[in-house]
Structures are given as structure tokens and as C-alpha cells.
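# Examination of the molecular architecture
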Amino acid sequence: MIENEKWNKIFNTPLEEPPVNEPERQYYFMEKAKILIQELVQKAGRPLTFCVTTFGCQMNARDSEKLCGILKNIGYIEQEDEEKADFVIYNTCTVRENANQRVYGRLGQLGKAKKKNPYMIIGLCGCMMQEPEVVEKIKKSYRFVDLIFGTHNIYKFAELIVSRLESQRMIIDIWKDTDKIVEDLPVERKYPFKSGVNIMFGCNNFCSYCIVPYVRGRERSRDPRAIIREIEKLAQDGVVEIMLLGQNVNSYGKTLDEPMSFAQLLQEVEKVDGIERIRFMTSHPKDLSDELIEVMARSEKICRHLHLPVQSGSSRILKKMNRRYTKEQYLALVEKIRKAVPDISLTTDIIVGFPGETEEDFLETMDVVKRVRYDSAFTFIYSKRTGTPAAVMEDQVPPDVIKDRFDRLLKEVQHISSEVCAIHQGTTQTVLVESVNDHEPGMVTGRLSNNLLVHFPGDEKLIGTLVNVYLDECKGFYYIGTRV
Ligand code: SAH
Ligand code: SF4
Ligand code: F3S
């Protein structure tokens, strides 16, 4: 426990109870953690470092920035090599089985590093921790883990750190669900010029293969005023591009006290001075409104890119997946979008080998790919997730059949995307410069509005600025260009 004397210096009162309200409560625990960490730093005779490793989607990446924000705030210094760090956090994903396997593999390695470092604290959080079997396995086979928490109580990170530092026991705190959204905690952004912004949490769609609704809980939208306030602050801080994040952004606002559509929110975001580019992720085809298409067509800031996961081209499989659209509806939607925004780049997610998928069903997927001609597509082998309806469906497809289909699909997708990518060759486009090119000195890398990468001559000073670049040559999935 912290001695009264030190505590009084900060709060000028005797050891008081922590505030009940958030985020004040977490700021109280951050102050407390600072003192405890300072004591450890003195004992170790060196600065203490942290490393946050992120698995999974953009939502997890954003959560990790919040974890980094707290760790920096309480006195840890960032460090890239996790085996050398004093506080290691894995922010996990469980959307497919292989994501889980990677975590266990790396955790084993980390356990060895911990034996050599008495100051090392290992924390696990994120979607995998919402599965009771995972937590059981860690309790049994990975006793060296210090802290386990889930997706719903991530805002309590500072409080959990203090519990760990004070007790020396393994701390486990997992909630089943929450309706709470805590605002205004520290965030440490990975990029100075672009940022993700959560607009909603959870998912209510229950696609039959997907574990996300079980590990991220019910859908809840953030108050639009809090979103705009955050974006205004980001803009003041030099951010020019934002990515609005949610599992299904098209259903934003439905559960608010004063309901608001995603298209309306976009129009508000567009008004924020300093923000030059707006992206969003992910759009569910069933909820994509005409209003949204109109707003996109009119907008100067919304990027010419739409990620529109199709999952399968077979209406029969789509029904079993509980996606709530047919092949025809999806294709009609694509046509409508292309008509309104002709230069839009479309990308998608596809699952191969969903239970009961026949060769005919698969050919329907191939047909959609050939008709839509995606700029790129993420292709996934169906992964059985315990607890989802699809896991107990009959006719699971044999692995060799899936592999064959997957290879054929990938070949088609890559062939098409190299052709689609090339259509911008010989045009001049606005590019947001993101980094210096590690492989070629004197070159920088930036992104077009449609999300494609371009490498062109330039230096560090250009990072975070928007410049016009002539696209000389398409190299399959990226361009080589010249600044104009
Ligand atoms: N909310 C987003 C998707 C989030 S998960 C949406 O609905 O579009 C990202 C992708 O992982 C999904 O689009 C899907 O293609 C894939 N995926 C989800 N569950 C899967 C599973 N059990 N097996 C294989 N791929 C899966
Ligand atoms: Fe999963 Fe479907 Fe929700 Fe996307 S919309 S997260 S695929 S349940
Ligand atoms: Fe994975 Fe969780 Fe995202 S399961 S894909 S990290 S919401």
C-alpha cells in the first residue's frame, strides 16, 4: 500500500476513497499507479518500459492506443521488443482459430523472458479473453500471466494495474457485457496525422459463423457530440485523416436517445475544419442506405473507397450465414453505388468453405468476384468458432476441398485486382504521405483516396501532408509516381 504521506502530497486529504464516477475514477488510479511505478523505477535503477502487441482488427488497434495512453501516463516508456519490455500486453483477437494459436505460441516465449526479468508484468486482454475456455486454459497452463481483462472493461486498465501492483496475485476481471461507454481517457496515437475514431461498439447482427457479437457484446453507439468533440481535438492536434470505426457503421445511431443516421453523422464530421479525409469501416450491405450513397457522392472529404464484405456469392449460403441479403441484392447495391460514385474503389471479405458450401455455391462467389471486380478482397478459410450456430451445422466442408477453392478464388481475386489497380496509371491524384520508404532511400510512401499505396521521391518532411502525385506506373498492388 502507498503510505499516507506520499498520497497526501497529491490529494491534500487523508487516503480518500476513489471517485465513483468515470473517468475521474481512472485518473485517480493513474495517480496512484504513478507513485507505485516510480518506486519500482527507483528499485530497478533504470526506466521501465512497455510493449503493447495488437492482434485483429482496427477496433483492437484503437483499443491498444488507449492502453498505450495509460501506460505512458503512469510512467512507462515505449519499447518495441516485447521480450525486453517490463510491461507486456497482448490485445487479442479470436475471430479465427489461427489468431488464438499465435497468441499461445508467443505467450510461451514470453514466459521464458519473464524468468529473467523480475519486473516483468504480462497482461492479456481483448476478444479472446471473453471466452471462458481461454481464461481457464491460461489459469492452468500459463500461471506466469499477471493480468487478464476483457473487451468491456478495458477502460478500467489503470485500476487493474493498481490492483496487480498492490496484490502480487493474478488479476482476472472479465465482464459478460456492458452498456457503458467511458469517454476522455488518455490515448497515445500511433500516427500523428491519422487516427481511428470509435463511433460504436459491439454488434447485433449474429452472422452465424461469427464470434464477434459474443465477445464484443451488444451494439451501442457513441454520443455524436462526444465523437465530434474528439475529432475536433484530433484536428487541432494535426490529424488530417480519420477512420470512423464500428462493426457495422451503417447501423450507427439507432439506439441513441435522439436517433441519428450514419449519413447524418458523416455530414457533421465533414464540417470539422482541418480534417481532409474521412474513411469508415465496416459497412454491412444490408444497412447501406441511399442517404449514405448520396452523402458520399456529394462529399469532398469522404474517401473514394468502400469496404463492403460480401462473405459469399450464393444466396443459399448467405441465408445460412444470416447475412440478410441475396446475391442479387448485393449486386444491385454495387451497381447503385458505382452509378453515384463512379470512381469508387470497392473491397470485400469472402469466406470459403462455410458449412454446406457446394461447388455450385462456390462458383456463385466466383461469379460475384468477376462481376464486381474488387480492387482487393480479403479471403478467409472458414474457421469453426465454438458457440456460434455454424459450428454445429452439418456438412462441414473437408479441408482439401476448401483449400482447392481457396486457391482458385485467390488467383482470380489477385488477377482482377492487378487489372483494376492499373486503371489509374497516368492520372494525377492527391496522396497523404505516411512514411519514408524503408527499402528505397529518397522515396516516401503515401495513400490515395481509394486506399492504394504509391511510392514516390520525397523526404521525411512530407509525412502527414497531402500532395499531388502523378502515377507513372502500376506495379500490381501499388504505384510508382512523381510529385507534381
Ligand atoms: N463486422 C465486419 C466483419 C468483422 S470480422 C463485417 O460484418 O463485415 C472480419 C472478417 O472476418 C469478416 O468479414 C469475415 O469475412 C471474417 N470472419 C469472421 N468470422 C469468421 C470465421 N468464423 N471464419 C472465417 N472468417 C471469418
Ligand atoms: Fe461478425 Fe456479422 Fe457482426 Fe460483422 S456484422 S462482426 S461478420 S456478426
Ligand atoms: Fe478480432 Fe475482436 Fe476485431 S475478434 S476481428 S479483434 S472485434
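Residues numbered from 1 in each chain as written. Chains lettered and ligands numbered in written order. Predicted model: local features only at pLDDT ≥ 70, side-chain atom pairs only at ≥ 80, totals over all residues. Heavy atoms only, no water.

## A word on the UniProt feature "binding site: [4Fe-4S] cluster 2" (unreviewed entry) in the protein chain
Residues annotated in UniProt with the feature "binding site: [4Fe-4S] cluster 2" (unreviewed entry) correspond here to Cys203, Cys207 and Cys210. Checked against the element boundaries, Cys203 lands in the loop between β8 (200-201) and α7 (212-216). Here Cys203 falls in the buried class, since its relative accessible area comes to 9%. With sequence-adjacent residues up to four places away left out, Cys203 is seen in contact with Val212, Pro213, Gly217, Arg218, Glu219 and Gln247. Here Cys207 shows up in the loop between β8 and α7. Here Cys207 falls in the buried class, since its relative accessible area comes to 9%. Apart from residues no more than four positions distant in its own chain, Cys207 is found in contact with His284, Met321, Asn322 and Arg323. (UniProt positions renumbered as here; feature names shortened; annotations may be inferred. Helix = DSSP H or I, 4+ residues; strand = E, 2+ residues; numbered from the N terminus. Buried < 20%, exposed > 50% of the residue type's maximum accessible area, 1.4 Å probe, protein only. Contact = heavy atoms within 4.5 Å.)

## Let's talk about the site of ligand 1
Residues in close proximity to ligand 1 total 15 residues, the closest being Arg96, Gln247, Gln311, Asp349 and Ser383. Between ligand 1 and Tyr209, the relevant distance is 3.0 Å, taken from a nitrogen atom to a main-chain nitrogen or oxygen of the residue. One nitrogen or oxygen atom from the main chain of Ser383 is found 2.8 Å from a nitrogen atom belonging to ligand 1. Here ligand 1, which alone exposes 540 Å², has 90% of that area covered by the protein. Those elements that place two or more of their residues in the shell around ligand 1 are β13 (345-352) and β14 (376-381). Partitioning the shell around ligand 1 into residue classes produces 7 nonpolar, 4 polar and 4 charged. (Near = heavy atom within 4 Å. Polar contact = N/O pair within 3.5 Å; in protein donor to acceptor, adjacent residues only side chain to side chain. Areas by Shrake-Rupley, 256 points an atom, 1.4 Å probe, with all protein chains shown as cover. Nonpolar A, V, L, I, M, F, W, Y, C, P; charged D, E, K, R; others polar.)

## So, the UniProt feature "binding site: [4Fe-4S] cluster 1" (unreviewed entry) in the protein chain
Mapped onto this numbering, the UniProt entry gives "binding site: [4Fe-4S] cluster 1" (unreviewed entry) at Cys57, Cys93 and Cys127. A maximum C-alpha distance of 10.5 Å places the annotated residues, which cover 71 residues in sequence, within one compact spot. For Cys93, the position within the fold is in the loop between β3 (87-92) and α4 (97-116). A relative accessible area of 12% places Cys93 in the buried class. Among residues more than four places away in sequence, those in contact with Cys93 are Phe55, Gly56, Asn60, Ala99, Asn100, Cys127 and Met128. Assignment of secondary structure puts Cys127 in the loop between β4 (121-126) and α5 (132-141).

## Looking at the sheet that holds strand β12 (residues 305-307)
Backbone hydrogen bonds are what pair the strands of a sheet, in a parallel or an antiparallel way. In space, the 3 strands of this open sheet follow the order β12-β13-β14, with parallel pairing throughout. Each edge of the sheet is formed by a strand with only one pairing partner; in this case those strands are β12 and β14. Taken pair by pair, the neighbouring strands of this sheet meet at an average axis angle of 15°, ignoring direction. For β12 and β13, the ladder comprises 3 bridges, and the chain directions are parallel. Bridged to His305 within β13 is Ser345. Along the sheet face, helix α14 (residues 399-421) touches β13 and β14 and points at about 175° away from the line of β14. (Pairing = 2+ DSSP bridges. Axes fitted to C-alpha atoms, helices over the stretch in contact; angles between N-to-C directions.)

## Some points on helix α10 (residues 290-298)
What α10 keeps buried is the set Leu292, Ile293, Val295 and Met296. Along the long axis of α10, the arc covered by the buried residues comes to 165°, so they all point the same way. Where the residues of α10 are buried, they touch α9 (262-270), β11 (277-281), β12 and α12 (327-340). (Arc of directions from axis to C-beta.)

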